[in-house]
Every structure is written in C-alpha cells, then in structure tokens.
Amino acid sequence: MRALDLDYMLGLVPVILGYVPLTLFMASVAMVCALVLASLLAVERVIRVPGLDWLVMLFISFFRGTPLLVQLFLFYYGLPQVLSFLAQINGVTAAIMGLTLHFSAYMAEAIRAAIIGVDRSQWEAAQSIGMTPAQMMRRIVLPQAGRIAAPTLVNYFIDMIKGTSLAFTLGVTEMMGATQKEAAGSFLYFEAFLVVAILYWIIVETLNQGQKQLETYLNKAYAR
C-alpha cells in the first residue's frame, strides 16, 4: 500500500479550481432555463390545456424516465445526424441543453405541487377582484408557489452542479474533465479523483448552508 502523494494533490487543487467557473456557468444557465421551462410545464399541468396536456406528460415522462447521460449523448452525438443545423453544436451547449430539459421535468412536478399547495382562498380572492387566470397565476399564485418550492429547487440546482460532471463525456474540460486529463497524465487516479470529490463536496456543502439560511428566511417571512 503506497502513501498518498500530498504534494501532487495540493498542486492539483488550483488546476481544478480554474475550471469551477465553467462548471458553475453551465449549471447556472441550465438552472435559469430549466426554471422558466418548468414553470410553463407546471402551469399547464395545473390548468390542463386541451390537446397540450398529453405532450407535456410525454415530455416529463421521457426526461424523467431516461438517464441524463443518455440524453447528453442524444443531443451531442445523435441529433446532429438527423438535424443538420445542430451539426455545429459544441459540448457546452449540448450539456446545458441536456441539463435544462432533464431537470425541468423534475422541477415541473415540484412547482406543480407548490402551485396546488397555495391556499385556495388566495385563488378565490384573486377571482373575486376580477383577475384573469393569467393575472392570478402571475401575480398571486406563482410568487407564493415559488416560496414553497424554493428549497426543493435549490436541491435540484445542487444536483445540476453534480450533473455537470458528465459533460466531460462530450469533450468539455470542466472540473471532471480536467481531473480526468490530469489523472491520465500522472497515473495517480486516486489522488486526482479524491481532490475533485472534495472540491465538489465543498461546493455542495456551501450551497447546503445557503439553502438552510434561505429556508429560515422564508419561514420567517411566511410567519409574518
């Protein structure tokens, strides 16, 4: 049993940290896009537009029922073969697309549950003052549903950050991709992957602490 090469591990930390911005960029862009798409899907699941509901159900079922890695390969390697305008898509864009669609399917159900969780008296009050369904959803229901769903959505953002580690399979050099290259060059696989695991852990724990503070703030705000 050999000893850990601590000097190598310490030297690897700044190398991997240099790719943290790309990892966070992909996760952040995907989160914003997924949140918008998930909100639209959730609203449709609540109001059930005739002829559209089955398409939304199919979308959610597909992206929840297939692995993220398969979806990434489908977007990066598969679709360009049948849709020529996607031939120039790069790995970062494909990763963001995959993360957006995959997590929007999960987030849609969380937001739908939050919408349903809004007190019915709020809906009735909005109707009583003559709000249209669109106004009621935009001004009354969604803001309250967002407060209910916020902790769950932060969890999905954390999962999304971890999901970016699959982007290296598309040729993207992010945290995991950089680690793979460094490990392949040094053959110190244990040390390299231990370093990246610890860095992911630190990022996730930082977000977990932020989530706890968010929950505390929302609970206090709701109590008022």
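Note that the structure is predicted; figures quoted are calculated from it, not measured. (Residues numbered from 1 in each chain as written. Predicted model: local features only at pLDDT ≥ 70, side-chain atom pairs only at ≥ 80, totals over all residues. Heavy atoms only, no water.)

**Some remarks on the overall build of the protein chain**
Looking only at helices and strands, one finds nine helices and zero strands in the protein chain. Traced from its N-terminal end to its C-terminal end, the protein chain shows the element sequence α-α-α-α-α-α-α-α-α. C-alpha extents for the protein chain along the principal axes are approximately 70 × 50 × 25 Å. Put simply, the protein chain has 224 residues, and 41% of those count as buried. As displayed, the protein chain offers around 12300 Å² of accessible surface, 66% of which is attributable to carbon and sulfur atoms. Charge centroids of the protein chain, computed over 14 positive and 13 negative side chains, lie 11 Å from each other. (Helix = DSSP H or I, 4+ residues; strand = E, 2+ residues; numbered from the N terminus. Buried < 20%, exposed > 50% of the residue type's maximum accessible area, 1.4 Å probe, protein only. Areas by Shrake-Rupley, 256 points an atom, 1.4 Å probe, with all protein chains shown as cover. Lys, Arg positive; Asp, Glu negative; His and termini not counted. Charge placed at Lys NZ, Arg CZ, Asp CG, Glu CD.)

**Examining the pattern of salt bridges**
All told, the structure shown has four salt bridges when counted by the stated rule. The residue Arg-45 makes a salt bridge to Glu-109 at a minimum N-O spacing of 3.4 Å. One end of the pair, Arg-45, is in helix α2 (residues 20–47); the other, Glu-109, is in helix α5 (residues 91–117), and 64 residues separate them in sequence. When its relative accessible area of 9% is taken as the criterion, Arg-45 is described as buried. Glu-109 sits in the buried class, given a relative accessible area of 17%. The structure contains a network of salt bridges with shared partners spanning Arg-45, Glu-109 and Arg-112. (Salt bridge = Lys/Arg side-chain N within 4 Å of Asp/Glu carboxyl O.)

**Topic: the side chain of Thr-100**
Here Thr-100 shows up in helix α5. We classify Thr-100 as buried; its relative accessible area is 9%. Every residue in contact with Thr-100, bar those within four places of it in the chain, is listed here: Ala-30, Cys-33 and Ala-34. (Contact = heavy atoms within 4.5 Å.)

**Examining the packing of helix α1 (residues 6–17) against helix α8 (residues 175–186)**
Taken N-terminus to C-terminus, the directions of α1 and α8 make an angle of 145°; their axes are 10 Å apart at the nearest point. The hand of the α1/α8 crossing is right-handed. Of the residues in α8, those touching α1 at Tyr-8, Leu-12, Val-15 and Ile-16 are Met-175, Thr-179, Glu-182, Ala-183 and Ser-186. Residue composition of the contact of α1 with α8, grouped by class: six nonpolar, two polar and one charged. (Axes fitted to C-alpha atoms, helices over the stretch in contact; angles between N-to-C directions. Left-handed = near helix turned anticlockwise from the far one by under 90°. Nonpolar A, V, L, I, M, F, W, Y, C, P; charged D, E, K, R; others polar.)

**Observations regarding the environment of Phe-25**
Mapped onto the elements, Phe-25 comes out in helix α2. Exposure remark for Phe-25: the relative accessible area of 46% places this residue in the partly exposed category. Residues Phe-25 and Leu-79, 54 residues apart in the sequence, show an inter-C-alpha distance of 24 Å.

**Some points on the packing of helix α3 (residues 53–65) against α5**
Contact pair α3 / α5: the axes reach a minimum separation of 8 Å and the direction vectors enclose 115°. Handedness of the crossing formed by α3 with α5: left-handed. Facing Phe-59, Ile-60, Phe-63 and Arg-64 of α3, the residues of α5 in contact are Leu-101, His-102, Ser-104, Ala-105, Tyr-106, Ala-108 and Glu-109. In terms of residue class, the contact of α3 with α5 is built from seven nonpolar, two polar and two charged.

**Notes on a nonpolar patch on the surface**
The grouping of Ile-47, Val-49, Leu-52, Trp-54, Leu-55 and Leu-58 at the surface amounts to a nonpolar patch, some 570 Å² of accessible area in total. Positionally, Trp-54 belongs in helix α3. (Patch = residues over 30% accessible without salt bridge, like charges linked within 9 Å, V, L, I, M, F, W, Y side chains within 5 Å.)

**Some points on the confidence of the model for the protein chain**
Across the protein chain, the average pLDDT comes to 88, with 97% of residues at or above 70. Taken element by element, the predicted model of the protein chain shows its lowest mean pLDDT in helix α6 (residues 120–128) (73) and its highest in α1 (94). (pLDDT = per-residue confidence, 0-100.)

**Quick look at the nonpolar core**
Membership of the largest hydrophobic core comes to 62 residues, with the highest contact counts inside it found for Met-107, Ile-115, Met-160 and Met-175. Here the element with the most residues in this core is α5; it accounts for 13 residues. (Core = buried A, V, L, I, M, F, W, Y, C linked by side-chain atoms within 4.5 Å.)

**Examining α2**
For α2, with 28 residues, the first-to-last C-alpha span of 40 Å sits near the 40 Å given by 1.5 Å per residue. Looking one or two places after α2, you find Arg-48, whose phi comes out positive at around 55°. (Expected span 1.5 Å × (residues − 1).)

**Describing the environment of Leu-153**
Take Leu-153: it is sitting in helix α7 (residues 133–163). The spacing of Leu-153 and Ala-110 is 43 residues in sequence and 7.8 Å in space, taken between C-alpha atoms. Contact partners of Leu-153, with chain neighbours within four places excluded, come to Met-31, Leu-35, Met-107 and Ile-111.

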